[in-house]
Amino acid sequence: MNDRYRGIHDARRIVMVNPDDLADLGIADRDLVDLVSVWTDGSERRAPGFRVVAYPAARGSAASYYPETNVLVPLDSVAEISNTPTSKGVIVRLEPAPLR
């Protein structure tokens, strides 16, 4: 539950995003969002209810923990030689989480 390297405590369902990207998206630090995978097969892959953490990540990227976000990885998205899932190369969009 604690990531001492990144300063995250008591949380796994978080998504770390560059503060400038959050400003561009109109999302505030600590907002709740759903992560939605963007893929070409027309299926919706959604990981609901993630807390946004403003983090000095590279612009245009987001980072979260596995296995909480495994649902976002399409089964047919694999590396050419090793056939391992492309977990670090999944394109996602952030959508405001509905009130639950």
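Right above here is the structure, for reference.
Model, not experiment: these values are computed from the prediction.

Colleague: I'm lost on the overall build of the protein chain in this one. Help?
Modeller: Helices and strands together make up the secondary structure of the protein chain, namely one helix and five strands. The N-to-C order of helical and strand elements in the protein chain reads β-α-β-β-β-β. Taken over C-alpha atoms, the radius of gyration comes to 14 Å for the protein chain, in line with the 13 Å a tight globule of 100 residues would show. The dimensions of the protein chain, computed from C-alpha atoms along their principal axes, are 35 × 30 × 25 Å. Looking at the protein chain as a whole, 30% of its 100 residues are labelled buried.

Colleague: Help me understand the sheet that holds strand β2 (residues 32–37) in this model?
Modeller: The strands that make up a sheet are held in pairs by hydrogen bonds between backbone atoms, and each pair lies either parallel or antiparallel. The sheet built from five strands is open, its strands ordered β4-β1-β3-β2-β5 with mixed pairing. Two strands in the sheet have a free side with no partner beyond their single neighbour: β4 (62–64) and β5 (92–96). Going from strand to strand, the sheet's axes swing by 40° on average, the running direction of each strand aside. Here three bridges tie strand β1 (residues 14–17) to β4, and the two strands are oriented antiparallel to one another. Bridging across to β4, Val15 finds its partner in Ser64.

Colleague: Would you mind going over the environment of Leu99 with me for this structure?
Modeller: Relative to the assigned elements, Leu99 resides in the segment after β5. For Leu99, a relative accessible area of 88% gives the class exposed. Taking C-alpha positions, Leu99 is 9.2 Å from Leu32, a pair spaced 67 residues apart along the chain.

Colleague: Explain the pattern of salt bridges here, please?
Modeller: Two side chains carrying opposite charge are able to pair once their charged atoms lie near each other. Summed over the entire model, instances satisfying the criterion amount to nine salt bridges. For the salt bridge of Arg6 with Asp3, the shortest nitrogen-to-oxygen distance reads 2.8 Å. The residue Arg59 makes a salt bridge to Asp21 at a minimum N-O spacing of 2.7 Å. With a gap of 38 residues between them, Arg59 in the loop between β3 (45–54) and β4 and Asp21 in helix α1 (residues 19–25) connect regions that are remote in the sequence. If you follow the salt bridges from partner to partner, you end up with Asp34, Glu44, Arg46, Arg93 and Glu95 in one network.

Colleague: Help me understand the side chain of Asn18, please; the structure alone is not making it clear to me.
Modeller: Note that Asn18 resides in the loop between β1 and α1. Excluding residues within four positions of it along the chain, Asn18 makes contact with Tyr55, Ala57, Ala58 and Arg59.

Here is what the cut-offs are and how they apply
- Residues numbered from 1 in each chain as written.
- Predicted model: local features only at pLDDT ≥ 70, side-chain atom pairs only at ≥ 80, totals over all residues.
- Heavy atoms only, no water.
- Helix = DSSP H or I, 4+ residues; strand = E, 2+ residues; numbered from the N terminus.
- Rg over C-alpha atoms; globule rule 2.2 N^0.38 Å.
- Buried < 20%, exposed > 50% of the residue type's maximum accessible area, 1.4 Å probe, protein only.
- Pairing = 2+ DSSP bridges.
- Axes fitted to C-alpha atoms, helices over the stretch in contact; angles between N-to-C directions.
- Salt bridge = Lys/Arg side-chain N within 4 Å of Asp/Glu carboxyl O.
- Contact = heavy atoms within 4.5 Å.

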